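# Coordinate analysis (summary)
So you can see what is in the structure, the chains are spelled out below.
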Amino acid sequence: MDRRLARAVQRVTGAALGPYQAAVVRIGFAAAWLLFLLREFPHRHELYGPDGPWSWDMGQQLIANNHAFTVLMWSDGVLWFETVYALAVLSSVLLLIGWRTRTMSVLFMVGVLSLQNRSIFMGDGGDNVIHLMAIYLVLTRCSQVWSVDARRAARPGPARDPLGPVMWVVLALGLVAASLFIGRTGEPWLLVLLWLVWAAQGVWWLVCRYAPGQPRILADVLANLVHNATLVVIMAEVCLIYATAGWYKIQGSRWQDGTALYYPLKLDYFTPWPLLSDVLAASGVMVMVLTYGTVIVQVAFPFTLFNRRVKNVLLVVMMLEHAGIALLLGLPFFSLAMIAADAVFLPTVFLIWLGTRVRHGRDRLLAGSRRVPPRQRDASEEPGPRTLVG
């Protein structure tokens, strides 16, 4: 028992589990939010800006009651809104490629919360998932693979980081401004979290630079513990989403008689391809199978996590279901957000194979313009131990 306990402690504290899963979740949610911001760029003023039906005064009254975090309440000027929107787009791009991932995850969270809490009636279920995952990503080590940070860490020789302290000081100024506008910013606990992350980054830089021995090991252990705990929370969140959705569907009479899918296929708002929707709605058997199948998969998924084969099958089914929702109901960003959340359960072997295929495809594209030297495998790309998520 003592040996098992020691091995369990070593497993949890010795490494950040699920590095590929954390990376694909980071890439998926950054891409979903980025694509949404780019698609709605012509309509940004009506959605979240000064020209929206939810005026700045109404938003200020709502923030005073629910204390939701948003920096857009600092000013009702167009210039400030454009600055926040541009920073949200830029942080999404940099988080997607994994450049200064910890800092970009914080700015990504600030952008997501600021825009969504500014106009709370503009979102859907996918926005709620991005809202939660933006907070969780701040606490994960999601840049160990498939990121610019991982490439920089793999370079030989001592790492020089002149830009890091400069960004740290600039972000301190932003936190000071947020503290001065605490009455308009929102929840105090989120501001405290930002200050703690800022202080932790400063301590991490000092430890890596001046105390590479035991203090660095202790810092790694604490970071691994926070990452692994957050990864468990993300997995539990996904299970809770599906379990809640499935059990609520069971209570609905339309889901019980197998006709629930028919009605959204007849709504103009959810029919980007009317002909395709009519063909599917005309088949009563198909509607019934998809309706019951959706409920069964959502209710059963949390109970299949410890059976890897069954879990992987249901995972593919759920991803195909969300792809169908994007196509048939015209909800691409909701579907992309849910697929990114499901990716936390993808097998590690599959993710490594997928990364290899992507690299080979990239090398073939580059080979047409210049000769690409043989690529050596980094130590960070070696297959890790099998876990619950892989």
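Residues numbered from 1 in each chain as written. Predicted model: local features only at pLDDT ≥ 70, side-chain atom pairs only at ≥ 80, totals over all residues. Heavy atoms only, no water.

## Considering the overall build of the chain
For clarity, the cut-off: What counts as a helix is a DSSP run of H or I of at least four residues, what counts as a strand is a run of E of at least two, and both are numbered from the N terminus. C-alpha atoms define the radius of gyration, and 2.2 Å times the number of residues to the power 0.38 defines the globule rule. A simple rule labels every residue: compare its accessible area, found with a 1.4 Å probe on the protein chains alone, to the largest value its type can have, and call it buried under 20%, exposed over 50%, or partly exposed in between. For accessible areas, the Shrake-Rupley method is used with a probe of radius 1.4 Å. Any residue's cover is judged against the shown protein chains and nothing else. His is not counted, nor are the chain ends; Lys and Arg add positive charge and Asp and Glu add negative charge. We put the charge of a Lys on NZ, of an Arg on CZ, of an Asp on CG and of a Glu on CD.
The helix and strand tally for the chain stands at 18 helices and zero strands. For 390 residues, the compact-globule estimate of 2.2 N^0.38 gives 21 Å, and the C-alpha radius of gyration of the chain, at 23 Å, lies within 12% of that figure. Taking the principal axes of its C-alpha atoms as reference, the chain extends roughly 70 × 55 × 55 Å. Looking at the chain residue by residue over its 390 residues, the buried ones come to 42%. When the accessible area of the chain is evaluated, it comes to approximately 21,400 Å², of which 69% is carbon and sulfur surface. The average position of the 33 basic charges and that of the 23 acidic charges among the side chains of the chain differ by 14 Å.

## Quick look at helix H17 (residues 332-342)
We count it as follows: By definition, residues are in contact when any of their heavy atoms lie within 4.5 Å.
Considered for burial, the residues of H17 that qualify are Phe333, Ser335, Ala337, Met338, Ala340, Ala341 and Asp342. Where H17 is buried, its residues meet helix H2 (19-39), helix H7 (125-137), helix H12 (214-250) and helix H16 (308-328).

## Observations concerning unusual backbone geometry
Residues other than glycine seldom take positive phi values, yet arginine 100 does so here, at roughly 50°. Secondary-structure assignment places arginine 100 in the loop between helix H5 (78-97) and helix H6 (101-118).

## Comments concerning helix H14 (residues 274-281)
Our working rule: Arc definition: directions from the helix axis to the C-beta atoms.
Within H14 the residues assigned to the buried category are Ser277, Leu280 and Ala281. Considered in projection along H14, the buried side chains sweep an arc of 95° and stay on one side of the axis. Exposed and oriented more than 90 degrees from the buried face of H14 are Leu275 and Val279. On its buried face, H14 sits against helix H15 (284-300) and H16.

## Some thoughts on the environment of valine 129
In this fold, valine 129 is placed in helix H7. By relative accessible area, valine 129 is classed as buried at 6%. Linking valine 129 and phenylalanine 334, residues 205 residues apart in sequence, is a C-alpha distance of 8.5 Å. With residues near it in sequence (within four places) discarded, valine 129 still touches Phe29, Ile241, Ala337, Met338 and Ala341.

## Some details on the nonpolar core
Stated precisely, the cut-off is as follows: To define a nonpolar core, start from buried Ala, Val, Leu, Ile, Met, Phe, Trp, Tyr and Cys residues and group those joined through side-chain atoms within 4.5 Å.
Grouped together as the largest cluster of nonpolar side chains are 77 residues, with contacts concentrated most on Phe29, Trp33, Leu115 and Phe345. Among the elements that line this core, the one with the most residues is H2, at twelve residues. The residues touching phenylalanine 29, leaving out its near neighbours within four places in the chain, are Phe108, Val129, Ile130, Met133, Ala337, Ala340 and Ala341. Core analysis: the next-biggest nonpolar cluster, separate from the first, contains six residues, Leu265, Ala281, Ile325 and Leu328 among them.

## With respect to the pattern of salt bridges
Short version of the rule: Criterion for a salt bridge: a side-chain nitrogen of Lys or Arg within 4 Å of a carboxyl oxygen of Asp or Glu.
As enumerated under the stated definition, the model contains eight salt bridges in all. We note a salt bridge from glutamate 82 to arginine 44, for which the minimum N-O separation is 3.0 Å. With glutamate 82 in helix H5 and arginine 44 in helix H3 (residues 44-47), the pair connects residues that are 38 residues apart, well separated along the chain. A salt bridge links arginine 254 to aspartate 257, with the nearest nitrogen and oxygen atoms 3.9 Å apart. Shared partners join several salt bridges into a network, and the residues in it are Arg141, Arg216 and Asp220.

## Digging into the packing of aromatic side chains
Each aromatic ring pair is characterised by the separation of its centres together with the angle its planes make. Defined as follows: Each aromatic pair joins two rings of Phe, Tyr and Trp (for Trp, the six-membered one) with centres within 6.5 Å, and gets the label stacked for planes under 30 degrees apart, edge-to-face for over 60, and tilted for any other angle.
Throughout the structure, instances matching the rule amount to 15 aromatic pairs. With centroids separated by 5.3 Å and ring planes inclined at 75°, the aromatic side chains of tyrosine 20 and tryptophan 146 adopt a geometry described as edge-to-face. Residue tyrosine 20 is located in helix H2, and its partner tryptophan 146 is located in the loop between H7 and helix H8 (148-154); the two are separated by 126 residues in the primary sequence. Judged by its relative accessible area of 4%, tyrosine 20 is buried.

## Brief notes about the side chain of aspartate 342
What counts, and what does not: Polar contact is the term for a pair of N or O atoms within 3.5 Å; when the atoms are in protein, one must be able to donate a hydrogen and the other to accept it, and sequence-neighboring residues count only if both atoms are side-chain atoms.
Examined against the element boundaries, aspartate 342 turns out to sit in helix H17. A distance of 2.7 Å separates a polar atom in the side chain of aspartate 342 from a polar atom in the side chain of tyrosine 242. When neighbours within four sequence positions are excluded, aspartate 342 is seen to be in contact with Val238, Tyr242, Leu315, Met318, Met319 and His322.

## Some remarks on the UniProt feature "transmembrane region" (unreviewed entry) in the chain
Operational definition: UniProt positions are given in the numbering used here, feature names are shortened, and annotations may be inferred rather than shown by experiment.
Within this structure's numbering, the places UniProt gives as "transmembrane region" (unreviewed entry) are residues 12-38, 78-99, 166-183, 189-208, 229-248, 279-301, 313-331 and 337-356. For residues 12-38, helix accounts for 85% and strand for 0%, while the C-alpha atoms at its two ends are 39 Å apart.

## Some remarks on the packing of H12 against H15
Put simply, the rule is: Simply put, an axis is a line fit to the C-alpha atoms, just over the touching stretch for a helix, and the angle between two N-to-C directions goes from 0 to 180 degrees. Should an angle fall under 35 degrees it is taken as roughly parallel, and over 145 as roughly antiparallel, whereas 65 to 115 is taken as roughly perpendicular and any remaining angle as oblique. Two helices crossing with the near one rotated counterclockwise from the far one by less than a right angle form a left-handed crossing, whereas a clockwise rotation gives a right-handed crossing.
Viewed as axis vectors pointing N to C, H12 and H15 meet at an angle of 135°, and their least axial separation amounts to 7 Å. Accordingly, the angle class assigned to the pair H12 and H15 is oblique. Helix-helix and strand crossings are classified by hand; for H12 and H15 the assignment is left-handed. Residues Tyr242, Ala243, Ala245, Gly246, Trp247, Lys249 and Ile250 of H12 form the contact with H15, whose own contacting residues are Thr294, Val295, Gln298 and Val299.

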